Every structure is written in structure tokens, then in C-alpha cells.
Amino acid sequence: MMGSTGAKCALLAALCGVCQALQGGMLFPTESPSREVKDVSGLWSFRADLSPERNRGFEQQWYRSPLAETGPVIDMPVPSSYNDITQDAKIRDFIGWVWYEKDVWVPARWIQDRGARIVLRVGSAHYYSVLWVNGVEMTEHEGGHLPFEADISGALRQTSGNPCRITIAVNNTLTLETLPPGTIQYMNDRSRYPAGYFVQNTNFDFFNYAGIHRPVLLYTTPKAHIDDISVETAFSDNIGLVSFNVSVLGCSKAAVKVTLSAQDGRCVASADGSRGVLKVTDVSLWWPYLMHENPAYLYSMEVQATAEDGQTDVYTLPVGIRTVKVTSTQFLINNKPFYFHGVNKHEDADIRGKGFDWPLVVKDFNLMKWMGVNSFRTSHYPYAEEILQMADRHGIVIIDECPGVGIKDIRSFGNVSLAHHLTVMEELVRRDKNHPSVVMWSVANEPASEMPPAGFYFKELVSHTKSLDSSRPVTYITDSNYARDQGAQYVDVICVNSYLSWYHDPGHTELISLQLNTQFDDWYDKYQKPIIQSEYGADAVPGLHSDPPMMFTEEYQTTVLQNYHNVFDQKRKEFVIGELIWNFADFMTAQTITRVVGNKKGIFTRQRQPKAGALLLRERYWRIANETGVLPTWARYPCQ
Ligand code: BDP
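Reading the values: rules and limits
Residues numbered from 1 in each chain as written. Predicted model: local features only at pLDDT ≥ 70, side-chain atom pairs only at ≥ 80, totals over all residues. Heavy atoms only, no water. Helix = DSSP H or I, 4+ residues; strand = E, 2+ residues; numbered from the N terminus. Buried < 20%, exposed > 50% of the residue type's maximum accessible area, 1.4 Å probe, protein only. Contact = heavy atoms within 4.5 Å. Pairing = 2+ DSSP bridges. Axes fitted to C-alpha atoms, helices over the stretch in contact; angles between N-to-C directions. Near = heavy atom within 4 Å. Polar contact = N/O pair within 3.5 Å; in protein donor to acceptor, adjacent residues only side chain to side chain. Areas by Shrake-Rupley, 256 points an atom, 1.4 Å probe, with all protein chains shown as cover. 1 Å grid on protein atoms, 1.4 Å probe; cavity = no way out; pocket = protein on both sides within 12 Å on 5 of 7 lines; lining within 4 Å. Sits in = over half its atoms within 2 Å of the grid points. Core = buried A, V, L, I, M, F, W, Y, C linked by side-chain atoms within 4.5 Å. Phe/Tyr/Trp six-rings, centres within 6.5 Å; stacked < 30°, edge-to-face > 60°. Lys NZ or Arg CZ within 6 Å of the ring centre and 35° of its normal. Expected span 1.5 Å × (residues − 1). Parallel < 35°, antiparallel > 145°, perpendicular 65-115°, else oblique.

(A) Summary view of the environment of Gly211. Inspection of the secondary structure assignment puts Gly211 in strand E13 (residues 211–212). Residue Gly211 is classed as buried on the basis of its relative accessible area of 0%. Each C-alpha atom, one on Gly211 and one on His126, is 5.4 Å from the other, the two residues being 85 residues apart in sequence. In contact with Gly211, other than residues within four places in its own chain, are Ser80, Tyr82, Tyr100, Ser124, Ala125, His126 and Val170.

The following block contains the structure:
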């Protein structure tokens, strides 16, 4: 887990002669005796740059003066996607730069305290962002799902006394080298399209929601501050081991003290120094919630760093002690077999698009626990950190996926794409490495992995991810033919998506059993690695019924599920280690002839009401939980 960027540097040096290894940490902003946090989300001013080249904002330097002075602005909630907020289809379908602005007051004591750093952090903005404070550029960031931040102390102190004007320009254009990739197509037939007409093409099946999707925070740290913490955990008998590595920036030397406390506040271990191993006797392990009476146990690790001038920075990190291991037939958590009975999700819901929303997050966790879901995949991009924190606290296991979805064009396997993909994995591991709920990294979903360049691409991607974190297995999700897939040889767990009786042999559920058995046997015989059915399912328009079942009815969806389950129940005695339904809830997609206001493969509607499939899975997941695990005392359904 203690990252090495050596492999990527070597690759990048070979590719383009430059090493752009990621610098610094990205700790989640929390309050402490030495740190304050101020949330500046809320209503922002907003304007889409509708000029033909989408470039007027830069030409006219809209960041230099209040946005309302250079043209009309509208209210835009942050966090949210901007797409579904207005009544204007031009905004919903907009491609290009949009401009956000907000005036905030920074507490005077922050400005006056010259020993304080003031940092502005954006949880995520899709896709490319440029950030200014009082007209001065602070930073740029590529990528739609991971945080970025800038130390804005200097810019603020130069203009102290004034409000702080934050301007963020966000561009959702996807190219062959972005993640996910896309292409812009200009339509040149003047008899059918007006001059300058273009569309964004993508190869993924979800709406390209855009905007500032996660909270925008201001926070302080002392000048000498804890920049990053990495922990890795293990145990032997009843002794837990927590190895830690703390990096401190802003001073030449700092005295670091690390203290680990149990949930009752008792100190169970402590150490001095920026690296070391804490030993915890009578350890309480972090368990998934359906494996133990006392699941999701989190210790609290307090790190103190004191600089030469006596200033101390304090940061507290929750730590779950657990191990993860993969054999040729099993996935082991704390040396016990774990069977993934879970869901694939999206961060998508109603008018907020992909905007972070606590009621939605809590509702989804309640639904997952109601159903006996023990795991989910962050399909097809990293989710908000708050969601991972919830999973840590509730004992739900995560396959953490990067935005490597829709890599179908051979040009997206080139060196520029690969270098960016490696950087995204660095950003993802840097952000999520300390979450006990995260048990595996997924580097891509359904790439064209049978194409010749995919072999080199996935070899580099998997080995780089392992060099960043040797404690977790790595996978990618494939729908390629087992005999032609070029990358599966490098992964630890084979994750296969298939839509039998849907995209293949539509209407023929009687073929599922034969075809699914063949699918599993082919993959296992070739690789002898455990397999997760990482997607399967069928669209069901809620309330549509037919018997005998027909496609798009609730009955058809449940029939597909049942046929898959019969095979899972045989194969989970051998090497199948999990099943993740596609999808937890209906979600929005681009408009196409195969989607009826979005994808309807949810077992819940987009409003989170159950279809028949949810009840079927609830019965099944609790039955499996009763067979394989130890239920927590609150879990009474359905057999106790
Ligand atoms: C799979 C994709 C997923 C789609 C799903 C579908 O991984 O993103 O939404 O198919 O078509 O191929 O419903």
C-alpha cells in the first residue's frame, strides 16, 4: 500500500521521456484541534458558454470579474449535475465549458494567522476543471470523479478584507484519451445539419452528467501539516498489526506520534515516528456485516505532527483491521471465504443527476441492508468518499472501480491514454487506500480486451496498481470471449458480465443454464482463478406484467434472475465467488432506441421503489447469508 511510482515513471520515461508521478496526499478534510472545515456548497452562479467554439469565457476572461458582469447568470445548486435542473434541453445536452462562481467569506482569523494554510477542495467535477480565486488561476484538474485541491492562502492574503470569489470552469467534453473516452463528431452534411453542428459519442451506457458533483470545501491546516497517511493491516492469532506511514510537509523536521484507540476510547497502541507498526492485543477485526456479530469494527488512529516551532497538526483516521486474500477458488476476508452477494450501482438519481446527496446515500444503504446485500461495485467510476466511509461503518464490501469504461476504440489503447489511466489509478489508490471496505480494485469495465494492444495495456495497468497497493487484488470486468481476452491473465479474480437471453438469444430464458455453465467452465478451465458474475440482468418497466414472461416485464426480469441463480448455486460450490446484479436501480442514459427514459435493469426504480426482482433477491441474499455467515443480532429476516 505504501506507494511506489517507480513502475509508472519507467513506463512514462519510455513513452514520452517525462515522469509525472503524482505528488502529495489527498486526505479527506476533517476537523480537529488544528483544522477547520467550511462547506461552501449551496447556490452558485452559473453560465454555459454557448458560443460556437465554447471558448468565449476564456477569450473574454470571465474569471477576472464577477460572472454577472460579463453576461446573464442563473442559480445552480452545488453539488448537482446541471443537466436536469433547468427546463432547457440545451443545458441538459450541453457539451463544452460551463462556468460556476461563488463569493464566500473566509474567517478573518484564517487570513490573519500566517501559520495557517487555507485549502480549497472540490470533491469532484466532471470532467475537466480550471479553478480561480479572485481572478488568479489556482489549479487545473483532469478527471470527473476524484477530488482536487489548491492551497489558496497566498491569493487570499493578497486581497484580504474582500470576499473570496471562487470561479470554476468545467468542461464535459470526452476525447479518445479521457476516462471514460468519447469522440466529438462534426456533422458536415449541410442539407441535414446546420454549420458547426456536433455531437458527443460515447461507448458507455449512462448519461454523461456534468457539473460540480461533490461538495466544495475550504479547510485549514497548520503550515507544517500531515499531508498523507497510509495504513496496512494484518493479524496473527489475536494480535492485530497496523503498519503506518505518515508524510508531513511544510517543515524540515516534525515529531510524529501515532495513537490507536478502541471504540470505548481506550488507547490500545501508540508509537513515535512517521513509520512503524502498532500491535493490538485482543484485536477486534473489521468484518463484513453478515459474517460476524460485531461487524465493521473501526479503531481510531490519531496522528500528531509537531514541527520545530511547536505547532502541532492533528488528524484522525478510522482504521479497520482485516486481511484480504485470493486463492484459485476463494476470496478470503480474515482467512474466511467471502461470497459476494451484491449489487452494481450508479450515483444517479432524479433531478440531481450525479450530485452528492445524503438522503439518497442513506436510503441506498438502508435498501442494501434490507436486501441482505453484502457488497457493491462502484460501477463505473469512483464514488464519493462519504459513501466509502458509510461502507466502512456498515461493513459492506466494495470493489472500487476507476472510470475506465467504454474503452472500445483501438486508439484509446495508446500511450497517452495509458499514461492517463495510470495517473487515475494513482489518484484512486491515494484517495481510497485506507478504507477497509475496499477489498479489490477494478481498473476497467468491458474494454475491448480482445484487441492486440490490450495485452500490454492491462499488463502495465494491473502491475502499476499492484505496485501502488500490494495488499489488495486487482481485476477488470470483461465481456470478451474467454479465448481471445488479452488481459485476464494479469488479474487476480475473473469478473465476467453476460446478458444471456437479453442481448443474446432475446426471449430464450431456457438457454441460460446451458450457456452460463459453459461460460463459467470455459473461464475456469483456462485460468484457474475464482470468478465473479459481475453483471447480469434484464430490463423491467415497473408495472409491466405478462405470463408467460415477455421481455421488459417484471416477470421476465425475475425469470432471468432465477435461471442465473440456479447455475450460481451449483458453481458457488466450486469457484464462483460472487454475483452482482445489474443494476441496483434504474438510471439515466443517453437517448437511444433501446432505452425507455433510461436503463430499466434496476431491481428498484429510480425513485427507489422495489420491483419484483428486489423481493426475489432479498429472499435469496438472506438465505445465502444464513447459510454462510454469522448474522449480526439486528438481522432477523427471514429465518430467525
Ligand atoms: C453492460 C455495461 C453496463 C450497461 C449494461 C446494460 O457494463 O454499463 O448498463 O451492460 O446494457 O454491458 O444494461
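(B) Representation of the sheet that holds strand E8 (residues 136–142) within the structure. Read across the sheet, six strands follow the order E3-E2-E4-E10-E7-E8 without closing on themselves; strand pairing throughout is antiparallel. Taken across any chain shown, the strands that pair with only one partner, and hence form the sheet edges, are strand E3 (74–78) and E8. The mean angle between the axes of side-by-side strands here comes to 30°, regardless of whether they run parallel or antiparallel. Strand direction decides the pairing type here: strand E4 (residues 97–104) and strand E10 (residues 164–171), joined by eight bridges, are antiparallel. Across the sheet, residue Tyr100 finds its bridge partner in E10, namely Ile168.

(C) Examining the site of the ligand more closely. In the vicinity of the ligand, 13 residues are found, and the nearest of them are Asp205, His380, Glu446, Tyr503 and Lys601. Tyr503 places a polar side-chain atom, nitrogen or oxygen, 2.4 Å from an oxygen atom of the ligand. Its free accessible area being 320 Å², the ligand has 90% of it covered by the protein chains. According to the grid-proximity analysis, the pocket containing the ligand is the second largest pocket.

(D) Looking closely at the nonpolar core. If you look at the biggest cluster of nonpolar residues, it comprises 89 residues, and the most contacted ones within it are Phe365, Phe376 and Phe458. Per-element accounting of this core gives the leading share, seven residues, to helix H12 (residues 612–628). Aside from chain neighbours lying at most four places away, what touches Phe458 is Phe413, Val443, Ala444, Pro447, Ser449, Tyr476, Gly487 and Tyr490. Grouped together as the second largest cluster of nonpolar side chains are 48 residues, Phe244, Met301, Ile477 and Ile532 included.

(E) Spotlight on the packing of aromatic side chains. Tallying each qualifying case throughout the model produces 39 aromatic pairs. Ring centres 5.4 Å apart and planes at 45° place the aromatic pair Phe46 and Tyr82 in the tilted group. One end of the pair, Phe46, is in strand E2 (residues 42–48); the other, Tyr82, is in the loop between E3 and helix H3 (89–92), with 36 residues separating them in the sequence. Counting every residue linked through ring pairs, the aromatic cluster contains Phe58, Trp62, Tyr63, Trp97, Trp99, Tyr128 and Trp132. One residue, Lys369, lies across the ring of Tyr289, its end atom 5.3 Å from the ring centre. Seen from the ring of Tyr499, Lys601 lies directly overhead, with NZ or CZ sitting 5.5 Å from the centre.

(F) Layout of helix H6 (residues 358–371). With 14 residues, H6 should cover 20 Å at 1.5 Å per step; its first-to-last C-alpha distance of 20 Å lies within 8% of that length. Residues of H6 that are buried in the fold lie against strand E25 (340–344), strand E26 (375–377), helix H7 (385–394) and H12. Regarding H6, its N-cap is Asp357, as a side-chain oxygen of that residue lies 3.2 Å from the backbone nitrogen of Leu360 further along. Two residues or fewer past H6, Gly372 is found with a positive phi of approximately 75°.

(G) Structural detail: the packing of H6 against H12. Direction vectors running N to C along H6 and H12 enclose 60°, while the axes themselves pass 8 Å from each other. With respect to H12, the axis of H6 lies oblique. Counted together, Lys369, Trp370 and Met371 of H6 and Ala614, Leu615, Leu617, Arg618, Tyr621 and Trp622 of H12 form the full contact between these two elements.

(H) Representation of the sheet that holds strand E5 (residues 116–122) in the model. In space, the four strands of this open sheet follow the order E1-E14-E5-E9, with antiparallel pairing throughout. The sheet is open, and its two borders are formed by strand E1 (37–39) and strand E9 (148–151), each paired with just one other strand. Across this sheet, the average inter-strand angle for adjacent strands is 20°, counted without regard to direction. Strand direction decides the pairing type here: E5 and strand E14 (residues 216–222), joined by seven bridges, are antiparallel. Bridging from a neighbouring strand, Ala116 pairs with Pro222 of E14.

(I) Structural detail: H7. Burial analysis of H7 places seven of its ten residues in the buried class, the great majority of the element. By the burial criterion, the buried members of H7 are Glu385, Glu386, Ile387, Leu388, Met390, Ala391 and Asp392. In this fold, the buried residues of H7 make contact with E5, H6, E26, strand E27 (397–401), helix H8 (415–432) and strand E28 (438–445). Gly395 sits one or two residues past H7 and shows a positive phi near 75°.

This is a description of form; function is not addressed.
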